[in-house]
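The chain contents come next:
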Amino acid sequence: MSTKFQVVDGWVRGARCCESPNFNQRPLQGDISLLVIHNISLPPGQFAGDDVERFFCNQLDFDSHPFYQEIRGVEVSAHLFIRRDGELVQFVSLDNRAWHAGMSEFEGRDQCNDFSIGIELEGTDSQSYTDQQYQVLSVLTQAIQHAYPEISAERITGHSDIAPGRKTDPGEAFDWLRYRSSLK
Ligand SMILES: [Zn+2]
């Protein structure tokens, strides 16, 4: 697999586009200096179907699964989503503020959505991510770092690190060493 991505005007060439309304402008335009890794699967632990995309686009049928009562009416979206097979989906321009981190803090600065890019991996905290996901995440991260050089290696973090006690993703299943060592 030889994946190549390029960020052009906030959109990743090579990603499938699925535009979400769950974003707004960043308070400081161009202030993009943090990358946040998440996981999500809907229903939790199930990797078939398109319910994550529906959820991020406010088109999920909340009556279609009992778990969805817990997220009924919630309006969120990451910028990007990497499916189990490595397919990349983009919901929000990287130049805009996607609603992915919620209450959060990184190195003394809160409201991480203001200055971060959020990537969701399709998965759970405890199930190994796929080789395709690591491969795509690595190439994607390097393309993002090229476009937004303030995102240094030290400014790549997990949702659980910026919202401790509230969030656990990407979980113990995520191999940070493998990911970090894959970045040039
Ligand atoms: Zn998260």
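Everything below is about the structure printed above this text.
What counts, and where the lines are drawn
- Residues numbered from 1 in each chain as written.
- Predicted model: local features only at pLDDT ≥ 70, side-chain atom pairs only at ≥ 80, totals over all residues.
- Heavy atoms only, no water.
- Pairing = 2+ DSSP bridges.
- Helix = DSSP H or I, 4+ residues; strand = E, 2+ residues; numbered from the N terminus.
- Contact = heavy atoms within 4.5 Å.
- Axes fitted to C-alpha atoms, helices over the stretch in contact; angles between N-to-C directions.
- Salt bridge = Lys/Arg side-chain N within 4 Å of Asp/Glu carboxyl O.
- Buried < 20%, exposed > 50% of the residue type's maximum accessible area, 1.4 Å probe, protein only.
- Donors = N, O, S within 2.8 Å, 3.2 Å for Na, K, Ca; no water.

A. Region of the structure containing the sheet that holds strand 3 (residues 16-17). What the six strands build is an open sheet, ordered 3-7-6-11-5-12; its pairing is mixed. Of all strands in the sheet, those bounded by a partner on one side alone are strand 3 and strand 12 (156-158). Across the sheet, helix 2 (residues 131-147) lies against strand 5 (34-40), strand 6 (80-82), strand 7 (88-90), strand 11 (116-122) and strand 12, angled at about 170 degrees from strand 11, the strand it touches most.

B. Up close: the pattern of salt bridges. Scanning all chains against the criterion turns up 11 salt bridges. The salt bridge partner of R83 is D50, with a shortest N-O separation of 3.1 Å. Placement of the pair is R83 in the loop between strand 6 and strand 7 and D50 in the loop between strand 5 and helix 1 (51-56), with a sequence separation of 33 residues. R83 gets classed as buried once you look at its relative accessible area, which sits at 9%. Connected via shared salt-bridge partners are R16, D50, E53, R83, E87 and E122.

C. Broad picture of the coordination of the zinc ion. Within the protein, H38 (ND1), H159 (ND1) and D169 (OD) serve as the donor atoms for the zinc ion, at 2.0 to 2.1 Å. Sequence positions of the residues that donate to the zinc ion give the spacing H-x120-H-x9-D. Separated by 131 residues along the polypeptide, H38 in strand 5 and D169 in the loop between helix 3 (159-162) and helix 4 (176-182) bring together distant segments of the chain. Overall, the relative accessible area of 1% leaves H38 in the buried class. Taking the relative accessible area as the measure of exposure, D169 reaches 7% and is therefore buried.

D. The pairing of strand 5, seen in detail. Within strand 5, seven of the seven residues are buried, which leaves it mostly tucked inside the rest of the structure. Covered by surrounding structure in strand 5 are L34, V36, H38 and I40 together with L35, I37 and N39, the residues of both alternating faces. With seven bridges joining them, strand 5 and strand 11 adopt parallel strand pairing. Looking at strand 11, one finds that L34 is bridged to S116.

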